[in-house]
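# Remarks on the overall topology
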Amino acid sequence: MKIDASKPLEYSTEENSNKIFGFWIFLGAEIALFATLFTVYFVLVNRFASGPSGKEIFEIGPVLMETFLLLTSSFTIGLAVHAMRHGYKKAMMVFMAITLLMGLGFLGIEIMEFFTYVHEGATLQTSAFLSSLFVLLGTHGAHVTFGLLWGSAILIQLKRQGINPATANKTFIFSLYWHFLDVVWIFIFSFVYLKGLM
């Protein structure tokens, strides 16, 4: 394994560069997935049947808290990558842990939100609008859940192996994934919640 010292550690081998390129291709497929879910949602957004509309069930407070947690976690994962590039293992691990805790907080609020909807009679079966909403939010939430498990596994590897080309590559790819989830959430926040509350 030939290491190119002129490049950042995460790009320092040909294998690492290929993995990052491959992950960008994977994100292209993820964009197609979420574009499809958004399209379905926009087609069904006014099909309430006998159920409530977004205006009736959406609450801005929890959504703002979710947005704050996820966007701040995007900043902290950026700080983790910055610390990694300077070889600060402890700072890197702290920022990654903060990122994961914020992701956990986001997920907790979303789960509470789902329980509230169901308690108010808004379920997957109630209307086409609600089924498309639950699938869109649920898919994003499942991606966050996977991110928490993946990030935790990387943290364990960092503790055992330290910062090396392999762990740097994994951390950088994870940061791309996490930023992607934040971008998707901005679209959900703007076009699902804010538009739904109007």
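I will try to describe carefully the structure that is included in this document. (Residues numbered from 1 in each chain as written. Predicted model: local features only at pLDDT ≥ 70, side-chain atom pairs only at ≥ 80, totals over all residues. Heavy atoms only, no water.)

Put simply, the largest pocket is a space of about 160 Å³. Lining the largest pocket are 13 residues, with Tyr 41, Val 45, Asn 46, Lys 195 and Gly 196 positioned closest to its centre. Where the lining of the largest pocket is concerned, the elements lending two or more residues are α1 (14–44), α2 (54–57) and α6 (165–197). Here the lining of the largest pocket gets 4 residues from one element, more than from any other, and that element is α6. Looking at the lining of the largest pocket residue by residue, the classes come out as 7 nonpolar, 4 polar and 2 charged. (1 Å grid on protein atoms, 1.4 Å probe; cavity = no way out; pocket = protein on both sides within 12 Å on 5 of 7 lines; lining within 4 Å. Points joined across faces, edges and corners; volume = space filled by probe spheres on them. Helix = DSSP H or I, 4+ residues; strand = E, 2+ residues; numbered from the N terminus. Nonpolar A, V, L, I, M, F, W, Y, C, P; charged D, E, K, R; others polar.)

For Arg 160, the position within the fold is in helix α5 (residues 128–161). The exposure class of Arg 160 is exposed, given its relative accessible area of 72%. Sequence separation between Arg 160 and Gly 28 is 132 residues; the distance between their C-alpha atoms is 32 Å. (Buried < 20%, exposed > 50% of the residue type's maximum accessible area, 1.4 Å probe, protein only.)

We now examine the pattern of salt bridges. By the definition in use, this model includes 1 salt bridge. A salt bridge links Glu 15 to Lys 19, with the nearest nitrogen and oxygen atoms 3.0 Å apart. Taken together, the residues Glu 15 and Lys 19, both in helix α1 and 4 residues apart, mark about one turn of the helix. (Salt bridge = Lys/Arg side-chain N within 4 Å of Asp/Glu carboxyl O.)

Attention now goes to α5. Relative to the 50 Å expected for 34 residues at 1.5 Å per residue, α5 spans 49 Å between its end C-alpha atoms, a close match to the ideal helical length. Within two residues after α5, Gly 162 carries a phi angle of roughly 75 degrees, on the positive side. (Expected span 1.5 Å × (residues − 1).)

On to a nonpolar patch on the surface. On the surface, Phe 42, Val 183, Phe 187 and Phe 191 cluster together to form a nonpolar patch covering roughly 360 Å² of accessible area. Tallying contributions element by element places α6 first for the nonpolar patch, with 3 residues. Position of Phe 42 relative to the elements: it lies in helix α1. The partly exposed category is assigned to Phe 42, whose relative accessible area is 38%. (Patch = residues over 30% accessible without salt bridge, like charges linked within 9 Å, V, L, I, M, F, W, Y side chains within 5 Å. Areas by Shrake-Rupley, 256 points an atom, 1.4 Å probe, with all protein chains shown as cover.)

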